Amino acid sequence: MFRLIDAPTNDLILQLVSIIGNASEILRDEYQKYCTGSVFNIDQKLDSSPVTQADYRVHQYMIEQLEYISDLPILSEEGEHGQRIHWDKFWLLDPLDGTKEFLHQRAEFTINLSQVAFGQTSLAMLAIPSEYTVYIAPESGLPLKFNYQLKQWFIFDEIINVDRSIVCIGLSQSGQSKSIYEEYIQMVSQLCEYSILKAGSAYKFCMMLEGKIDIYPRFHPTCEWDTSAGQCLLERINGGLIDFSGRPFQYNQRQTLINQGFIAYRNNKMKNIALEALELTSKRIKLNT
């Protein structure tokens, strides 16, 4: 889905790639500590979700570096959120998306960074530390990819974006309300042949960019820092992420940072299948209640 190109010359992109590369190294180091049984601090948030020393360490590093290169405020999962309502333009950061994957020793965790202006994501990065890779949506144009080990740059190539005859549905490794996912998959099966690929966190968005996942349904809540970067990257390839009424997500426009369910899709063909399956699912649920 990506072809080799020369390195970009955009200073901000190069700065951010360097920062996220160093943050990825921090996460790899923390993951190694955790997997080898070293002393490792794990706490619990008010919503009972886990947060670790790795979350905090990357948060602190990213905050310091972003403040050095930019005067924009930063909305981080591990930071304070009280002043965000006054921000029209800001950085949105999840220093470790996939903490549960991390703790289950599955290397499907990411660093999510985006720049939001007036509700819209204008620039985005999704890093996969375990794969030494970052996906980038510049302020305009197709997504880029950088491999830190090979020191190589790539750009998304629509020409090789070939549709498969079997639609691949991306699901989380674990989730709530499993029955609704079963209902949805059953409705997809009435429309096309399908396969299922399970993966954690925003890693699924990266797999969509690579053409490995076509549709990603989510029926339980996420937060804005979970979806902003992935949505931006998908929109650049004529895919997208929408709520169950067909509207793209906007950011920092509500009192809550919690998202409700969504459908992410790789292209318009997949969007049509995804929404038709959603409509059939809704009808079936109504009939059974």
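The rules behind the values
- Residues numbered from 1 in each chain as written.
- Predicted model: local features only at pLDDT ≥ 70, side-chain atom pairs only at ≥ 80, totals over all residues.
- Heavy atoms only, no water.
- Helix = DSSP H or I, 4+ residues; strand = E, 2+ residues; numbered from the N terminus.
- Rg over C-alpha atoms; globule rule 2.2 N^0.38 Å.
- Buried < 20%, exposed > 50% of the residue type's maximum accessible area, 1.4 Å probe, protein only.
- Contact = heavy atoms within 4.5 Å.
- Areas by Shrake-Rupley, 256 points an atom, 1.4 Å probe, with all protein chains shown as cover.
- Lys, Arg positive; Asp, Glu negative; His and termini not counted.
- Charge placed at Lys NZ, Arg CZ, Asp CG, Glu CD.
- Pairing = 2+ DSSP bridges.

Caption draft 1: Geometry of the overall build of the chain. Check the secondary structure of the chain and you find seven helices and 17 strands. Its C-alpha radius of gyration of 19 Å places the chain within 12% of the 19 Å reference for a compact globule of 289 residues. Viewed in the frame of its principal axes, the chain has a C-alpha envelope of about 55 × 45 × 45 Å. Put simply, the chain has 289 residues, and 55% of those count as buried. Across the chain, the fraction of contacts at a sequence separation of at least 24, relative to all contacts at a separation of at least 6, is 65%. Here the chain displays about 13,600 Å² of accessible surface, and carbon together with sulfur accounts for 48% of that area. Counting 26 positive and 35 negative side-chain charges, the chain places the averaged centre of each group 6 Å from the other.

Caption draft 2: Fine view of the pairing of strand 9 (residues 144-147). The two faces of strand 9 match: L144 and F146 on one face and K145 and N147 on the other face are all buried. As paired strands, strand 8 (residues 133-137) and strand 9 are joined by four bridges and run antiparallel to one another. Across the sheet, V134 pairs through a bridge with F146, a residue of strand 9. Here strand 8 folds back onto strand 9, and the loop between the two strands holds six residues, one of which, G141, carries a positive phi near 100°. Pairing geometry for strand 9 and strand 10 (residues 152-156), over four bridges, is antiparallel. Within the sheet, the bridge partner assigned to L144 lies in strand 10 and is I155. Between strand 9 and the antiparallel strand that follows it, strand 10, lie four residues; K151 among them carries a positive phi value of about 55°.

Everything listed is a geometric property; what it means functionally is a separate question.
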